[in-house]
Amino acid sequence: MQRRNVMRAAVAGAGSVALGFTMTRPSFAYPAVPGTSPYGALQAADARGVQLPAGFTSRIVARSSQVVAGTSYTWHAAPDGGACFADGEGWIYVSNSEVSTGGGVGALRFDAAGNVVDAYRTLDGTRTNCAGGATPWNTWLSCEEVDRGYVYETDPFGADAAVRRDAMGRFKHEAAAADADHGVVYLTEDVSDGAFYRFRPTTWGNLATGTLQVLTQTGSTLAWATVPDPDGSPTATRNQVANTKRFNGGEGCYYHGGICFFTTKGDNKVWAYDADANTLATVYDDNVSGAPLTGVDNITGASGSGDLFVAEDGGNMEICIITPDDVVAPFLRLTGQSGSEITGPAFNPAGDRLYFSSQRGTSGSSSGGITYEVTGPFRGI
């Protein structure tokens, strides 16, 4: 296993974490409406049961409960949120394990040709690690989706031990998105009356101390208020501040260029918080005729195109695209996996490979998870 501090430092110095979304969205006409995908119609399912647009191919890179080919690591159960990080000429894909005991984070390391050359664990012994988010300093924030859960900062390169970040609050964490422009990390909460948070570190790049704030709304005015007790006991963090803005089941979270996109599965919406203007808009709502996207869950952005990619928990087992001109359409579909959900969509640094998992695969069990790679002519590369 090659986990070198010197490589980690070099990569971090280059600021090479794959956050995507390098192109400014030209349209803010929201909400998106069903339309024709820029990639065209889905083709018949391939040998792995994946329906893709013409010109795209899939492969399986790992299966839960099985040793990753060419390594000694057994891929974890219930793969969930994930992200990619540059690693010299290759890259690393990290993936949470959403099981109630023995959760944590696993990683796949790829060489420049896309071959898996290593697999290993970066966090162990935690609970129900659902989503999370990458930081600009090349760490992965893994979030516990349990009452009074924690955020853990982990090292994708496997060199440094994971650190629990108590100051980021204890609640039913879902996802995180780092906003270097404003020096905050946004956090979602997966309960039906959840809140939307931001954590402002005392020093950007160090999450050991800082201030947890919650979004409030009075009339049409949005504001951020400090949470008095981030420990959340005896009063839950979402119930400590008057006029807290409520969100029905916070899920994925993704930031770029002044806007934090996040999803709520309880009402099948995608939101856009404009940090510069301090405004909130609905990017997508499934209450339109022919809406293709339901079970709204994890979200990421595509490098160079301005497209959002949103995974379904249930629905038709699709990843749907939302384009900059506000069209929503299926990008891919998994067949024969109705007892699962799609998790962890993330692009490699070059933006020409998309990774994601079927959390319970064809078996419907957490031990049957499947992690995929899709390659093809992604826009804007």
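It should be noted that the structure appears before, not after, this text.
Residues numbered from 1 in each chain as written. Predicted model: local features only at pLDDT ≥ 70, side-chain atom pairs only at ≥ 80, totals over all residues. Heavy atoms only, no water.

### Some details on the overall build of the chain
Each helix and strand counted, the chain has one helix and 27 strands in total. A compact globule built from 381 residues should have a C-alpha radius of gyration of about 21 Å, and the chain, at 19 Å, falls within 12% of that. Overall size of the chain, expressed as C-alpha extent along the three principal axes, is 55 × 50 × 40 Å. Across the 381 residues of the chain, 58% fall into the buried class. The long-range share in the chain, meaning contacts at least 24 apart out of those at least 6 apart in sequence, stands at 52%. Surface exposure of the chain reaches about 13,200 Å², of which carbon and sulfur atoms provide 47%. Placing the 26 positive and 39 negative side-chain charges of the chain at their respective mean positions leaves the two points 3 Å apart. (Helix = DSSP H or I, 4+ residues; strand = E, 2+ residues; numbered from the N terminus. Rg over C-alpha atoms; globule rule 2.2 N^0.38 Å. Buried < 20%, exposed > 50% of the residue type's maximum accessible area, 1.4 Å probe, protein only. Contact = heavy atoms within 4.5 Å. Areas by Shrake-Rupley, 256 points an atom, 1.4 Å probe, with all protein chains shown as cover. Lys, Arg positive; Asp, Glu negative; His and termini not counted. Charge placed at Lys NZ, Arg CZ, Asp CG, Glu CD.)

### Some words on the pairing of strand β4 (residues 79–87)
Burial within β4 is extensive, with nine of its nine residues counted as buried. In terms of strand pairing, β4 meets strand β5 (residues 90–97) through seven bridges, oriented antiparallel. Paired with Pro 79 across the two strands is Ser 97, which belongs to β5. In this antiparallel pair of consecutive strands, β4 and β5, the connection spans two residues, and Gly 88 shows a positive phi of 65°. (Pairing = 2+ DSSP bridges.)

### Quick word on the sheet that holds strand β18 (residues 259–264)
Here we have four strands laid out as an open sheet, ordered β17-β18-β19-β20, and antiparallel in their pairing. One side of each edge strand has no neighbouring strand; the edge strands of this open sheet are β17 (250–256) and β20 (279–285). Looking at each pair of strands side by side, their axes are set apart by 20° on average, direction ignored. With six bridges connecting them, strand β19 (residues 269–274) and β20 associate as antiparallel partners. The residue bridging Tyr 273 from the neighbouring strand is Leu 280, located in β20. (Axes fitted to C-alpha atoms, helices over the stretch in contact; angles between N-to-C directions.)

### Re the sheet that holds strand β11 (residues 163–164)
Note on sheets: strands pair through backbone hydrogen bonds, and any given pair is parallel or antiparallel. The four strands are arranged β8-β9-β10-β11 in an open sheet whose pairing can be described as antiparallel. Either end of the sheet is taken by a strand with one partner, and the two such strands are β8 (129–134) and β11. Bridge count for strand β9 (residues 140–144) against strand β10 (residues 151–154) is four bridges, and the pairing is antiparallel. For Trp 140, the partnering residue across the bridge sits in β10 and is Thr 154.

### A word on the pattern of salt bridges
Summed over all chains, the structure comprises 19 salt bridges. Close ionic contact of Arg 164 with Asp 166 constitutes a salt bridge, the shortest N to O distance being 2.8 Å. On the basis of relative accessibility, which here comes to 40%, the residue Arg 164 falls in the partly exposed class. When its relative accessible area of 39% is taken as the criterion, Asp 166 is described as partly exposed. Its salt-bridge partner being Glu 341, residue Arg 360 comes within 3.2 Å of it at the nearest N-O pair. Residue Arg 360 is found in the loop between β26 (353–358) and β27 (370–375), and its partner Glu 341 is found in the loop between β24 (327–334) and β25 (342–347); the two are separated by 19 residues along the sequence. (Salt bridge = Lys/Arg side-chain N within 4 Å of Asp/Glu carboxyl O.)

### A word on the nonpolar core
Residues Phe 309, Phe 331, Leu 332, Val 374 and Phe 378 are the most contacted members of the largest nonpolar core, which totals 22 residues. Every element with two or more residues in this core is listed here: β22 (308–312), β23 (318–322), β24, β25, β26 and β27. Phe 378 has contacts with Tyr 39, Phe 56, Phe 309, Phe 331, Phe 347, Gly 351, Asp 352, Arg 353 and Leu 354, leaving out every residue within four places of it along the chain. Core analysis: the next-biggest nonpolar cluster, separate from the first, contains 20 residues, Ala 195, Tyr 197, Ala 225 and Val 241 among them. (Core = buried A, V, L, I, M, F, W, Y, C linked by side-chain atoms within 4.5 Å.)

### Considerations on the packing of aromatic side chains
Scanning the entire structure with this criterion turns up 30 aromatic pairs. With a centroid separation of 5.3 Å and 85° between ring planes, the pair formed by Phe 309 and Phe 331 is classed as edge-to-face. Residue Phe 309 is located in strand β22, and its partner Phe 331 is located in strand β24; the two are separated by 22 residues in the primary sequence. Judged by its relative accessible area of 0%, Phe 309 falls in the buried class. Taking the relative accessible area as the measure of exposure, Phe 331 reaches 0% and is therefore buried. Ring pairs connect the aromatic residues Tyr 186, Phe 196, Trp 224, Phe 247, Tyr 255, Phe 262, Trp 271 and Tyr 273, which therefore count as one cluster. Residue placement shows Arg 164 over the ring face of Tyr 150; its charged tip is 4.0 Å from the ring centre. (Phe/Tyr/Trp six-rings, centres within 6.5 Å; stacked < 30°, edge-to-face > 60°. Lys NZ or Arg CZ within 6 Å of the ring centre and 35° of its normal.)

Keep in mind these numbers describe shape, not what the thing actually does.
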